[in-house]
2 protein chains.
Amino acid sequence: MAVEANQEWLKSNGDPHLVLVHRLPSFNFQLKHILQPHFHLLDPAGSPEPAGSFLSSHAQSVRALICVANTPLTAETLSLLPSLELVLASSAGVDHIDTQECRRRGIILTNASTAFAEDAADYAVTLLIDVWRRISAADRFLHAGLWPVKGGYYPLGSKLGGKRVGIVGLGSIGLEVSKRLEAFGCSIAYSSRKEKPHVPYPYHANVLDLAAHSDALVLCCSLSEQTRHIINKDVMTALGKKGVVINVGRGGLIDEKELVRFLLRGDIGGAGLDVFEDEPDVPRQLFELDNVVLSPHRAIFTPEAIEALNQLTFTNLKAFFSNKPLQSVYQIE
Amino acid sequence: MAVEANQEWLKSNGDPHLVLVHRLPSFNFQLKHILQPHFHLLDPAGSPEPAGSFLSSHAQSVRALICVANTPLTAETLSLLPSLELVLASSAGVDHIDTQECRRRGIILTNASTAFAEDAADYAVTLLIDVWRRISAADRFLHAGLWPVKGGYYPLGSKLGGKRVGIVGLGSIGLEVSKRLEAFGCSIAYSSRKEKPHVPYPYHANVLDLAAHSDALVLCCSLSEQTRHIINKDVMTALGKKGVVINVGRGGLIDEKELVRFLLRGDIGGAGLDVFEDEPDVPRQLFELDNVVLSPHRAIFTPEAIEALNQLTFTNLKAFFSNKPLQSVYQIE
């Protein structure tokens, strides 16, 4: 459904409603032209007026807020918005949002994981095969002009079929990852906050146990106080010398310093990392390793994913102001 | 089934049989230790005796020949082996073998495509996603230290879901490619020497027509006089400015000079190339392009694929000398 097809909704529902765009001035707000005809958008970062002027006139009545990219949304900011009922995160991860304060206040939080799930899963699976089959390493080998020099000398990769992949966080992204990896003949297991009903894969209550039974871990969970450094020294030891870690979640899920040590010592088999603890800084030691694939936090960035996010945001705002059910609601624990 | 488990077969079948190992001295013959207990191996390239000595004593009686890697097997060599009935190619491609002479003589040819199909398909699919999602390019971006400098400036990739992929040659490799790409939400069509029964995908009798209806072409066919430069100027034009070509077959399937021109002019969207017309030489202009992923003819190289090849060769030799059906027979046209 194209956004443009929904103009009828505006006409039939009378005046547009107030939506606060919460963003750092450096972040673009690409949805503006789509939402503006339908809602009364407040965008202090894009306004010449001082933020104080906004607060005095509107802050009391704002019920819905769009949190753009990873703009921090703190308890202090939330305290300025006493009528707030809905936060729409335009990212899959919500570690930049004070989710506990949202829960305490009964504010509903939606995220973008359903819009981004397929692209994130495509990327995660490709990072995993890339590490196992050494595709980026092969590309570097050729770019360095080494093929005519070293000839057949090139390390073998490893076959996917029969490999055991542990998915950490079996939400919408993790489920798409599992669907794809099954087509490659991998067997799937998972860990998650709770065991999922109607899921055919073996469940492990903790990541340490999952790691001990996996050839690779794919991190698809959100970052919270419970999941920070969920991939620690013990988990990497359990994963073992041939084990591979793929991260399309958040950098903070991995104890990065420990991962670098494991990789440098050869105590883990490889890593495919789209996210890092201190972006855009990446530990330089990783640049020397052929069993590591690096990517600048781009797992979900395709024009199609952005269009899906635009559609999700529009649909959710429309549903909210019509008292209809929301999509992609994030379960705060 | 482990090769070692088949010792019983030797005992129950009496003397081992004569098998000629045809290889360039620079190619390793890793199967030796597996086959030697079961067959009478002749390996002139690994013998201190001159080849003439071999010919005078054994060439008349050789019925089976293993052709190692891409060692040329010409009509002249075949003419020295009047009793030859079976050629076992240890590669998926057979363009180094005079297949017409085999057909004329009624020599059966088997290749390794069933042993290599899954690994080749894994690699082809990953090259395709890599080009569409720019994963090797992202890895290079980080290795060049550009993330902190250029920040969010990074070209968007393209989503897989909904893309139309045309598979050129729907043999065992092509079928595995299609199975995997379906899990990513791609739609599949194919061209092949003949329309395949029991295949659910749309068939195009020629590659030009397939290209006109595809967002990407994946080349999985063998190289022959019929398929040389099957990807030519007209096909690339039909594929269009956003079209992507993936080649895990043979370099000669593509008019490489034309492909380089199309890529440099931006008249085609990208390429993922594991094979080249003049290996190990790769056109250097490709090194500058971020929409090209390069690999040193490694699509099938995993320890698991080599083990599968060993098993296939052993099984086929055993079947041949027992007058049982062979696997992975190559249909010469």
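Conventions we followed
Residues numbered from 1 in each chain as written. Chains lettered and ligands numbered in written order. Predicted model: local features only at pLDDT ≥ 70, side-chain atom pairs only at ≥ 80, totals over all residues. Heavy atoms only, no water. UniProt positions renumbered as here; feature names shortened; annotations may be inferred. Core = buried A, V, L, I, M, F, W, Y, C linked by side-chain atoms within 4.5 Å. Buried < 20%, exposed > 50% of the residue type's maximum accessible area, 1.4 Å probe, protein only. Contact = heavy atoms within 4.5 Å. Pairing = 2+ DSSP bridges. Helix = DSSP H or I, 4+ residues; strand = E, 2+ residues; numbered from the N terminus. Axes fitted to C-alpha atoms, helices over the stretch in contact; angles between N-to-C directions. Parallel < 35°, antiparallel > 145°, perpendicular 65-115°, else oblique. Left-handed = near helix turned anticlockwise from the far one by under 90°. Nonpolar A, V, L, I, M, F, W, Y, C, P; charged D, E, K, R; others polar. Least-squares fit on C-alpha atoms with pLDDT ≥ 70 in both. Domains from an automatic or database assignment. Buried area = accessible area lost by both parts, 1.4 Å probe. Salt bridge = Lys/Arg side-chain N within 4 Å of Asp/Glu carboxyl O. Polar contact = N/O pair within 3.5 Å; in protein donor to acceptor, adjacent residues only side chain to side chain.

Chain A carries the name glyoxylate reductase (NADP(+)) in an unreviewed UniProt entry, which gives Salix purpurea as its organism. Note on chain A: under the UniProt heading Sequence similarities (unreviewed entry), the record states "Belongs to the D-isomer specific 2-hydroxyacid dehydrogenase family."

> Got a minute to help me understand the nonpolar core in this structure?
Generally speaking, soluble globular proteins have nonpolar side chains that are buried together. Counting 151 residues, the largest nonpolar core has A:Val177, B:Val177 and B:Leu217 as the members making the most contacts within it. Not counting the four nearest positions on each side in its chain, B:Leu217 is found in contact with B:Gly166, B:Val168, B:Val207, B:Leu210, B:Ala211, B:Ile231, B:Val235, B:Leu239, B:Val244, B:Val245 and B:Ile246.

> Even after reading the chapter, I still don't get the sheet that holds strand β1 (residues 18–22) of chain B, so can you show me in this structure?
Backbone-to-backbone hydrogen bonds join strands into a sheet, with any given pair of strands oriented parallel or antiparallel. Residue and element names in this part refer to chain B. The strand order across the open sheet built from five strands is β2-β1-β3-β4-β5, with neighbouring strands paired in parallel fashion. The open sheet has two free edges, formed respectively by β2 (40–42) and β5 (108–110), since each of these has just one partner strand. Strand after strand, the sheet turns through a mean of 20° between neighbouring axes, direction not considered.

> Honestly, unusual backbone geometry in this entry has me stumped. Any pointers?
Backbone geometry follows two general trends: most residues other than glycine have a negative phi, and most peptide bonds adopt the trans configuration. The amide bond that connects A:Glu279 to the next residue, A:Pro280, takes the cis arrangement and shows omega of 5°. Residue position: A:Pro280 is located in the loop between β10 (270–273) and β11 (292–294). One non-glycine residue, B:Asn323, lies in the positive phi region at around 55°. Tracing the sequence through the fold places B:Asn323 in the segment after α13 (303–321).

> Just checking my understanding: could you explain the packing of helix α6 (residues 113–133) of chain A against helix α6 (residues 113–133) of chain B for this structure?
Between two packed helices, the angle of one axis relative to the other and the distance separating the axes together describe the packing. Taken N-terminus to C-terminus, the directions of α6(A) and α6(B) make an angle of 125°; their axes are 10 Å apart at the nearest point. The angle between the axes of α6(A) and α6(B) places the two elements in the oblique class. You can see that α6(A) and α6(B) cross each other, and the crossing is left-handed. On α6(B), the residues touching A:Asp119, A:Asp122, A:Tyr123, A:Thr126, A:Ile129, A:Asp130 and A:Arg133 of α6(A) are B:Asp119, B:Asp122, B:Tyr123, B:Thr126, B:Ile129, B:Asp130 and B:Arg133. Across the contact of α6(A) with α6(B), the residue classes break down as four nonpolar, two polar and eight charged.

> Can you help me understand the relation of the copies chain B and chain A in this one?
For the pair of chain copies, the relating transformation is a rotation about an axis with a translation along it. Each copy superposes on the other: chain B lies on chain A with an RMSD of 0.0 Å after a rotation of 180° and an axial shift of 0.0 Å. Look at the turn and shift together and you get a two-fold axis relating the two. When C-alpha distances to the rotation axis are compared across chain B, the minimum falls at B:Ser136, with a value of 2.6 Å.

> Before we go on, may I ask you to explain the domain arrangement of chain A in this structure?
All names here are of chain A. Split by domain assignment, chain A resolves into domain 1 (3–112 + 302–321) and domain 2 (117–294). Computed from C-alpha atoms alone, the centre-to-centre distance between domain 1 and domain 2 is 33 Å. Counting from both sides, the interface comprises six residues of domain 1 and, opposite them, four residues of domain 2. Regarding the contact of domain 1 and domain 2, the summed buried area is about 460 Å², with carbon and sulfur atoms giving 50% of it. When the buried surface of domain 1 facing domain 2 is broken down by residue, Gly93, Asp95 and Thr302 rank first, second and third, together holding 60% of it. Linking domain 1 with domain 2 are one salt bridge, by the criterion used here. When the shortest N-O distance is used, the salt bridge between aspartate 95 and arginine 250 registers 2.8 Å. In this structure, the connection of domain 1 to domain 2 is made through two residue pairs in polar contact (both at pLDDT 80 or more).

> Please clarify how the pattern of salt bridges should be interpreted in this entry.
Tallying each qualifying case throughout the model produces 38 salt bridges over all chains. Here B:Asp43 and B:Arg23 are joined by a salt bridge, their closest N and O atoms 2.9 Å apart. Within this pair, whereas B:Asp43 is found in the loop between β2 and α3 (51–58), its partner B:Arg23 is found in the loop between β1 and α2 (32–35), the two being separated by 20 residues in sequence. One exposure class covers both B:Asp43 and B:Arg23, and it is buried. When the shortest N-O distance is used, the salt bridge between B:Asp267 and B:Lys241 registers 2.9 Å. Within this pair, whereas B:Asp267 is found in the loop between α12 (256–265) and β10 (270–273), its partner B:Lys241 is found in the loop between α11 (233–239) and β9 (244–247), the two being separated by 26 residues in sequence. In this structure B:Asp267 comes out as partly exposed when scored by relative accessible area, which is 21%. It is possible to trace a salt-bridge network through shared partners that takes in A:Glu118, A:Asp119, B:Arg133 and B:Lys159.

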